[in-house]
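# Per-entry structural report
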Amino acid sequence: MISRRNALIGVGALTLSGCDAVTRSPTVRKILTLGEKATLTSQRLVTDRNALAPEFTRADLSPRFRVNGNSTATSAEYLAHAANGFTDWKLEIGGKVARPFSLSLAQLRAAPQRTQITRQDCVEGWSAIGEWTGVPLGLILRQAQVLASAQYIVFHCADDFSGVPYYESIDMIDALHPQTILAHTMNGQPLPIGHGAPIRLRVERALGYKQAKFVMRIEAVESLAGIHGGGGGFWEDRSDYQWFAGI
Ligand SMILES: Nc1nc2c(c(=O)[nH]1)N[C@H]1C(S)=C(S)[C@@H](COP(=O)(O)O)O[C@H]1N2
Ligand SMILES: [Mo]
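Here's what I pulled together on the structure shown here. (Residues numbered from 1 in each chain as written. Chains lettered and ligands numbered in written order. Predicted model: local features only at pLDDT ≥ 70, side-chain atom pairs only at ≥ 80, totals over all residues. Heavy atoms only, no water.)

### Overview of the overall build of the protein chain
Applicable threshold: Each helix corresponds to a stretch of at least 4 residues labelled H or I by DSSP, and each strand to a stretch of at least 2 residues labelled E; elements are numbered beginning at the N terminus. Only protein chains enter the accessibility calculation, which uses a 1.4 Å probe. A residue is then buried if its area is under 20% of the maximum for its type, exposed if over 50%, and partly exposed in between. By the convention used here, residues are in contact when the closest approach between their heavy atoms is within 4.5 Å. In this description, accessible areas are obtained by the Shrake-Rupley approach with a 1.4 Å probe, and a residue is regarded as covered only by the protein chains that are shown.
A count of helical and extended segments in the protein chain gives eight helices and 13 strands. With 247 residues in all, the protein chain has 49% of them scored as buried. At a minimum sequence separation of 6, the contacts of the protein chain that also span at least 24 residues come to 69%. In the structure as shown, the protein chain presents an accessible area of about 11400 Å², 54% of it carried by carbon and sulfur atoms.

What follows is the structure in structure tokens.
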């Protein structure tokens, strides 16, 4: 559920109202047009990608939520931020946006929040249910005024495997999905390092590897070509993990 606070974050107040830059995006226009047509003809078309992932209750929370993939980032910069509770850390938002800006953890905590209890499904064959609180990504993208040409949002992470950075990407449908949040809180506690502090992506209609941890920078792009291996994510670049990991 969204709770609204009259907090100022970044260069101005984040609001839930629409943004022309976002609705002018060709992708979003396509979705809106599809939505209009579908409403007239068949409800099923509308619900496919915009449907909500199931949400659970606190009674369903997994007693143990596994830490998977990297359990920390190891760069000197990240470890210094971790050592002082990420007070000087800032998330950068840039790329194909009219207003690049950055946000501190305090600003992210003061922004409008959403809390959701969802299940994470890892391709390795395990699932866990956790409660996540964070800022809807759509609010941040509206604040940044994503350009009409932007097709994907890329999440650059602080960690790496043998020096190769972890990253992930999603399209604008998932980016603007109401359950897509940048989570700073897990099960009511500050997000532990193992689960991706200071913030991690929750994109609840997608598999575990899309849930980028240790997110440092968000970049709006026209194309995934030229971003690392061009596959749209660390695992997509080097294994048969599909870029579209919808569930
Ligand atoms: N930065 C980063 N994000 C990541 C990973 C990682 O190694 N590094 N692993 C992914 C995988 S495969 C899964 S299943 C989940 C694990 O999240 P958890 O440790 O909170 O369970 O994070 C995903 N996001
Ligand atoms: Mo995973």
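### Looking at the site of ligand 1
Note the following rule: Proximity criterion: a residue is near a molecule or strand once any of its heavy atoms comes within 4 Å of it. Between N or O atoms, a polar contact is any pair within 3.5 Å; within protein, one atom must be a potential hydrogen donor and the other a potential acceptor, and residues adjacent in sequence are included only when both atoms are from side chains. Using protein atoms alone on a 1 Å grid, points that fit a 1.4 Å probe yet trap it form a cavity, whereas open point sets bounded by protein on both sides within 12 Å along at least five of seven lines form a pocket; residues with an atom within 4 Å of a point count as lining. Being in a pocket or cavity means that more than half of the molecule's atoms lie within 2 Å of its grid points.
By nearness alone, 22 residues border ligand 1, and Arg66, Asn68, Asp159, His195 and Lys213 come closest of all. A distance of 3.0 Å separates an oxygen atom of ligand 1 from a polar side-chain atom of Gln120. His195 is positioned such that a nitrogen or oxygen atom in its side chain is 2.7 Å from an oxygen atom of ligand 1. Look at ligand 1: alone it shows 530 Å² of surface, and the protein chains cover 99% of it. Spatially, ligand 1 is embedded in the second largest pocket.

### Topic: the layout of surface pockets
This is how it is decided: Grid points are joined across faces, edges and corners, and a volume is the space filled by probe spheres set on the points. Note on residue classes: Ala, Val, Leu, Ile, Met, Phe, Trp, Tyr, Cys and Pro are nonpolar, Asp, Glu, Lys and Arg are charged, and everything else, Gly too, is polar.
Approximately 320 Å³ is the volume attributed to the second largest pocket. Along the walls of the second largest pocket sit 23 residues, with Asn68, Gly69, Tyr166, Gly208 and Tyr209 positioned nearest its centre. Looking at the lining of the second largest pocket, the elements with two or more residues in it are strand E6 (113–122) and strand E8 (152–161). When the residues that make up the lining of the second largest pocket are grouped by side-chain class, the tally is 11 nonpolar, seven polar and five charged.

### Considering unusual backbone geometry
With omega at 5°, the peptide bond leading from Ala197 into Pro198 counts as cis. Among the secondary structure elements, Pro198 is positioned in the loop between strand E11 (189–190) and strand E12 (200–202). The phi torsion at Phe86 lies on the positive side, around 60°, for a residue other than glycine. By secondary structure assignment, the location of Phe86 is in the loop between helix H4 (76–83) and strand E4 (90–95). The class for Phe86 is buried, based on a relative accessible area of 6%. A positive phi angle, near 50°, is found at Ser162, a position not held by glycine. Note that Ser162 resides in the loop between E8 and strand E9 (164–171).

### Focus: empty space enclosed by the protein
Under the criterion given, the structure shown has one cavity of 30 Å³ or more. The calculated volume of the largest cavity comes to roughly 60 Å³. The wall of the largest cavity is formed by Arg49, Ser169, Ile170, Asp171, Asp174, Val203, Ala206, Lys210, Trp243, Phe244, Ala245 and Gly246. Residue classes in the lining of the largest cavity are distributed as six nonpolar, two polar and four charged.

### What about the pairing of strand E10 (residues 181–186)?
Quick note on the threshold: Think of it this way: DSSP has to see at least two bridges between two strands before they count as a pair.
Of all six residues in E10, six are buried; the element is thus mostly enclosed. Examined bridge by bridge, strand E7 (residues 126–136) and E10 share five bridges and lie antiparallel to one another. Paired with Thr133 across the strands is Thr185, a residue of E10. As judged from the three bridges shared by E10 and E12, these two strands associate in the antiparallel manner. Its bridge partner being in E12, Ile181 is matched across the sheet by Arg202. Where E10 meets E11, two bridges bridge the pair, whose relative direction is antiparallel. Counted as the bridge partner of Met186 is Gln189 from E11. What sits between the antiparallel neighbours E10 and E11 is a turn of two residues, in which Asn187 has the positive phi angle 50°.

### Some details on helix H6 (residues 137–144)
Across the eight residues of H6, seven count as buried, placing the element largely inside the fold. Of the positions making up H6, those classed as buried are Leu137, Gly138, Leu139, Ile140, Leu141, Gln143 and Ala144. Taken from the residues just after H6, Gln145 is the one with a positive phi, measuring 55°.

### Looking at the sheet that holds E9
Put simply, the rule is: Axis lines are fitted to C-alpha atoms, over the contacting stretch for helices. Their N-to-C directions set the angle, which ranges from 0 to 180 degrees.
Strand order in the open sheet made by the five strands is E5-E4-E13-E8-E9, with mixed pairing throughout. In the strand order of this sheet, the two ends are held by strand E5 (101–104) and E9, each with one partner. The mean inter-strand angle of the sheet, taken between neighbouring strand axes irrespective of direction, is 20°. Along the sheet, H6 makes contact with E4, E5, E8, E9 and strand E13 (215–221), crossing E5 at roughly 140°.

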